[in-house]
Amino acid sequence: MEAKLSKASRALNASPIQEISHLAQRCGAINLAEGFPDFPAPPHVKHAAVAAIAADLNQYRHVQGICDLLAVKMKQNHVLDFDPLTDFVICCGQSEAFAATILATIDQGDEVLIFDPAYETYESCIILAGGIPVYVPLDPPYWTLNVDKFMRSFTGRTKAVVLNSYSPHNPTGKVFSKEELEVIAAACCQMDCLAITDEVYEYITFDTHKHLSIASLPMMKERTIITSSLSKTFSVTGWRIGWACAPTAIASAIRNIHIKVTDSAPAPFQEAALAALQSPPEYFSSLKADYVAKRNFLIKMLSEVGFQVHNKPQGSVFIFAELPKTCLLSDIDFVKELIEKAGVAAVPGRGFFHGDCNDQTQQSRYVRFAFCKSNDTLSAADQKMRSCVGK
Amino acid sequence: MDLRATRVVISSRDALEKKVNHVSFTEPHRISVFHVGLVEAAAAGSEGWAGRARSMPRLRRDSPAYLTPPPSPNHEMLSSFCFCRSATRRFSYPSAARMAAVSTASEAKEPQQPPPVLFGHYSGLMAQLGLCSNLTAQFDLSHHISNYQPDCSFIGFLGTHSTMTYFSSKTLYAVWALLRPYGTAWPMLKSYITVAKRLDKFKTTIFTQMSMLAVKHGAINLGQGFPNFDGPDFVKEAAIQAIRDGKNQYARGCGVPDLNSAIVDRFHKDTGLHIDPEKEVTVTSGCTEAIAAAMLGLINPGDEVILFAPFYDSYEATLSMADAKIKAITLRPPDFAVSVDELKSAVSKNTRAILINTPHNPTGKMFTRAELEQIASLCIENDVLVFADEVYDKLAFEAEHISIASLPGMYERTVTMNSLGKTFSLTGWKIGWAIAPPHLTWGLRQAHSFLTFSTSTPMQWAASVALRAPDTYYEELKRDYLAKKAILVEGLKAAGFIVYPSSGTYFVMVDHTPFGCENDIDFCEYLIKEVGVVAIPTSVFYLNPEEGKNLVRFTFCKDEETLRAAVERMKERLHKS
C-alpha cells in the first residue's frame, strides 16, 4: 500500500526536531527547543477572542478590518501602499500563507533559492508544488551573504528567492543588512524573480536594527510577497491567523489557493486580530524590551558555560551557538546529553544545513536555543546549565 | 493571418500606468492593448456577469487558457477594459494625453515597425491559437475605440484583475509569439507570468457572486451553506475556557491528543471500527484542508480520480492542484442513483482514487449500502483508494449514514474526512479531521505539515468537548433540521418547483424549469432580483455545466423565520410560465 503514497510525499522525512521534543517531554526537560512562548498571551487579545465567540461570530468569515489595519501598518512601517481590498489574503497562520504563495507561484521545475541554514518546511512545500529548492549557504560565523555564491545560484529556471530573516525557519537570528538586501533586490530585478518573505518576527528585532522589508526597496514591491502572522507578536501561535501581502494579481492567485486549502481562517480569532493589530505602540515597545532582556540573559548564560556565540541575533527568538571548543560531541549527542543530564532541551543544528554546501563537521557544531520563555523558565535553565555544562 | 482582426487586452490599470515606460515606442500615441479573456464576459450581453459565464459558448475545458468570468462590474480595472456587446458597457482607454506623454525610454530589442491596430474579432485570435472551438460570439470593437488613436503600437502587458483571470504560460507565450513581429514588449509580458499553471482551472466561486448580488438586492440568502444561527453554548464555553487557560500555543501537528481520542470514540460509535488516535487520525483546518492534504499527499500528477457530479466546487480545483485527471460520473434526478455501468467503465488502471461525498452536497442524496458495496468491490478489484467526505453525516434524515470505511476490505484503502462545523453550527472554527490507515495517514500528514502545520488550539479543545456530546444533542439537531426542512420543502412545492427528495445534508435540489428560464444561472439571478431569494445554480458543480442547467440548490440551515419569509416571497412572486 506504500505504493499508494504520492511520490512527492515519499521524498519527505520525519522531523528530527520532533524526536528531540519527545525525548525532552519524557525527561521532563526545560524546553528551550521549540519556538513558542510558555508565558500567556496578552489579556486584551484573549478578551477579544472570548468576546467574539460569545457574540456568535463563529461562522465562515473574512474580516476585512484586518486587511485595513495591515494596510495602515504597511504604510507606517515601510511606506508601502497596499490596497486592503485586494492585496491581502488572511490564512491559517503564516504556514498556510507561505504554502498558498508557493502553490500559487511555483510550477513544475521552477527553482527557488533558500538561504542556508534554514528549517525544512520551505523545502517540503516547494517540492510538493513541483519546484526545486536550491540552497545558498551563508558564510559563518556571522552568516553573511556570499554574493558570489548567491549570484551563481541563479539559473534560467529560478522563479523566487525566500527571505527568512524574521522567521523561525532561520535558526541564526541573523537579519540581512540593507546592503545585503540591496544585492538580493538587484538580483531579483535583474533575473526577474519573485521574493517571498517570512516576517513573523517583524516586531521582535533588536539593537538599532529596524525591520526592513525587501518590498520597500526600489522596484521590489511588484515582485515581493510578504507573509506574516499574529503568532509571535501576540504569543498566540496556536490561533492560526496569518496573512500574505502581495501585488493584486499575485494576491488574487494566493487567495484562490487558500480558498481551496482551508477556505477561511478561524473566525473568532480573526475578530481578535482586530484588537491585536490595534494594540498601542507601548505594547510593541515593551514586547521588544522583554525579548532583548531575555536574549541578553541567554547569551550571557551560554557564553559563560563555554558556548561560542559569534552572532548576536538581531531578530527572532533563537540563538545559534557553536559548541564549546573543548566539546568533542556532535550536536545531536550533545543535545541528548543536555536533556538527560541537565534537563534542558535545545535543537541540534545539523537539521538546518543542506547539501554539502558547508563543511560537514562544521554543520554538526551548532545548537539552537530559544529564549521565548518566561523569565522563570530561563532562570531555571540557567541554573541547570551552569551546574552541568562546562565542568 | 490578419492581426487587425484581433484585439487582446491584458492589463491592470496600475500596471499600465507604472509599466508603460518599459515599452518602446516609435512615436507617441502608438499604443494599443491586448485583451485576452473576456470572451465569456462579452458574448452574453446580459447584466449579470455570472450569467454571461454560463449562457455563452465556453472555451473547451481542456484548453490551456481556461478563462474565467470577470469580477464585479464595479471593479475598476475591468470597467476600463471590459468589452462586450452590451451597449451598457463603456470602454475607457488610458487617455490619449497620458499615452502621448510616454517616452521612448527603453531600447527596442528589434526594429519597430508601425504596428496595426488590433481590435475586432478577437475570437478569431482565440481560434487561431487553437484555444477554443465552437466559439460563436463575434463582435466588432472598432466603434469603441474609434474615439481613440486608430494607429497604435502595443503594450503587450499581461496582468490579472483582482480575481480570477489566469492565463497559462502556454497561452501567454502563444499570444506573444503572434504579436512579436509587431513589436510587442516581451520583457513586460514575462514579468507578469507569475501565477502558476495549476490556477488554470480556478474560478470565482459562484457563492461569492451570488452573495454580492444578494446583498445588492436585499435578498434572503438560501444559497450559502452555513447557518445564520450559532453553535451550542457548551461548545463555545469550552473554547472560551481553553483561551483563558492559556491553551493558545501550537498544538501537536496531527491534533491535540484529547481531540484525537474523542474522534476515535465517536468513529467507533458510528462504525464499530477501532482505530489508533496517534497513527490514524489527523486534525486539519476544516474538512477543506483534509481534502487538500489527502489529494496533495496521496495523488501523483497524472493519476485519475473519479468524482460524482454534481460535486462540491472545491474538489475540482484541489485535484487540479495535484495535477490529477478528473473523470466525473453524473448522478441524475430524480433519485441521483449511481450508475454502476458508468462507474465500471470509468475505472481504469490509472485510477488512483474515487471521491465520494455522502450525505451528498448539493443533491442531499445518501449513498445506499448497495451502491457503496458496488464501489467497494470495484476499488478492491482495481486497487483504488476512496476519499470519503462525510461532513454531513449527522444530518442524515431519511436514511442511515454508512461509512464506506466500515465495509469489508475498505478501511485499509479509505480516507474518511469530517468536521465540526456542520454538526455544531460553527463553520468558522475550521476544525476537521481525516481518519485513515497509517500508511495513508503518513502521506496526508506530510502535506498537512506544510499546508497549515497545526490547527487552531483552543478550538480543538472545544471540539473534544463537542464530540463527547450526548446522543440527545444529535437527536435535537435532527429534529430542528427536519422542522426547517419541512418548511422549505412544502414551500418550494407550493411555489411550483419540482422538488427532488433529499435524504441528508441541509440542501434540497429543485428543478426550476416550470418558471421558464433558459438555465440555472438566469433563474438564480431572476430569483434574486424579482423574488428576493438566493439559491445556488448547480451547473458549477458539474464538469459539463449543461448537465446542471435545470437544477438549483436551496439550503435550510437558516432559522425558521428566515425560511418562512423566503417561502412567502417565492409563493407570492414566482410565476410559472
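Everything numeric here is computed off the predicted structure, so don't read it as measured data.

J.: Looking at this structure, I do not really get the overall build of chain B. What am I missing?
T.: Looking only at helices and strands, one finds 21 helices and 15 strands in chain B. Relative to its 577 residues, chain B shows a buried fraction of 64%. Long-range pairs, those at least 24 residues apart, make up 78% of the contacts in chain B between residues at least 6 apart in sequence. Only carbon and sulfur atoms are counted for the fraction: they give 51% of the accessible area of chain B, which is about 20200 Å².

J.: Would you mind going over the nonpolar core with me for this structure?
T.: Core analysis: the largest hydrophobic core is formed by 280 residues, its most contacted members being F387, F497 and F554 of chain B. Domain assignment of the residues forming this core places at least three in each of domain 2 (206–225 + 472–573) and domain 3 (249–469) of chain B.

J.: Explanation requested: the UniProt feature "domain: Aminotransferase class I/classII large" (unreviewed entry) in chain B in the structure shown.
T.: If you check UniProt for "domain: Aminotransferase class I/classII large" (unreviewed entry), the listed places come out as residues 220–569 of chain B in our numbering. Within the segment residues 220–569 of chain B, helix and strand shares are 40% and 16% respectively, and the terminal C-alpha atoms sit 9 Å apart.

J.: When you look at the pairing of strand β9 (residues 318–322) of chain A in this model, what are you seeing that I'm missing?
T.: A regular strand places its side chains so that they alternate between the two faces of the sheet. Residue and element names in this part refer to chain A. The buried fraction of β9 is high, at five of five residues. On β9, burial covers both faces: F318, F320 and E322 on one face and I319 and A321 on the other are all buried. Of the strand pairs in this sheet, β9 and strand β12 (residues 366–370) are connected by five bridges, and their pairing is antiparallel. Note on β12: the bridge partner recorded for F320 is R368.

J.: How do you make sense of helix α13 (residues 286–298) of chain B when you look at a structure like this?
T.: Taking 1.5 Å per residue as the helical rise, α13 of chain B with its 13 residues ought to reach 18 Å, and the 18 Å between its terminal C-alpha atoms agrees with that figure. Within α13 of chain B, 13 of the 13 residues are buried, which leaves the element mostly enclosed by the surrounding structure.

J.: Mind showing me how you'd approach the packing of aromatic side chains here?
T.: Within a pair of aromatic rings, the relevant descriptors are the distance that separates the centres and the angle that separates the planes. Residue and element names in this part refer to chain A. Overall, the coordinates contain 46 aromatic pairs over all chains when judged by the stated rule. For the ring pair Y201 and F318, a centre distance of 6.4 Å and an interplane angle of 90 degrees mean the geometry is edge-to-face. A residue pair is termed long-range when its members are at least 10 positions apart, and Y201 in the loop between β6 (194–198) and β7 (224–229) and F318 in strand β9 qualify at 117 residues. There is no split in this pair, since Y201 and F318 are both buried. Arranged with centres 4.6 Å apart and planes meeting at 40 degrees, the rings of Y203 and F284 form a pair that is tilted. Here Y203, found in the loop between β6 and β7, pairs with F284, found in helix α11 (residues 281–304); they are 81 residues apart in sequence, far enough to count as distant. The exposure class of F284 is buried, given its relative accessible area of 11%.

J.: Looking at this structure, I do not really get the environment of E271 of chain A. What am I missing?
T.: All names here are of chain A. For E271, the location among the structural elements is in helix α10 (residues 267–277). Taking the C-alpha atoms as reference points, E271 and V50, 221 residues apart in sequence, are found 9.8 Å from one another. In contact with E271, not counting residues within four places along its chain, are A52, L57, R61 and V63.

J.: Looking at this structure, how should I read the pattern of salt bridges?
T.: Opposite charge on two side chains makes pairing possible when the charged atoms of those side chains draw close. Throughout the structure, instances matching the rule amount to 35 salt bridges over all chains. For K75 of chain A, the salt bridge goes to D81 of chain A, with nearest N and O atoms at 2.9 Å. Across the pair R332 of chain B and E342 of chain B runs a salt bridge whose closest N-O atoms are separated by 3.1 Å. Within this pair, whereas R332 of chain B is found in the loop between β6 (325–330) and α15 (340–346), its partner E342 of chain B is found in helix α15, the two being separated by 10 residues in sequence. Its relative accessible area of 41% is what places R332 of chain B among the partly exposed residues. With a relative accessible area of 29%, E342 of chain B lands in the partly exposed category.

About the thresholds
Residues numbered from 1 in each chain as written. Chains lettered and ligands numbered in written order. Predicted model: local features only at pLDDT ≥ 70, side-chain atom pairs only at ≥ 80, totals over all residues. Heavy atoms only, no water. Helix = DSSP H or I, 4+ residues; strand = E, 2+ residues; numbered from the N terminus. Buried < 20%, exposed > 50% of the residue type's maximum accessible area, 1.4 Å probe, protein only. Contact = heavy atoms within 4.5 Å. Areas by Shrake-Rupley, 256 points an atom, 1.4 Å probe, with all protein chains shown as cover. Core = buried A, V, L, I, M, F, W, Y, C linked by side-chain atoms within 4.5 Å. Domains from an automatic or database assignment. UniProt positions renumbered as here; feature names shortened; annotations may be inferred. Pairing = 2+ DSSP bridges. Expected span 1.5 Å × (residues − 1). Phe/Tyr/Trp six-rings, centres within 6.5 Å; stacked < 30°, edge-to-face > 60°. Salt bridge = Lys/Arg side-chain N within 4 Å of Asp/Glu carboxyl O.

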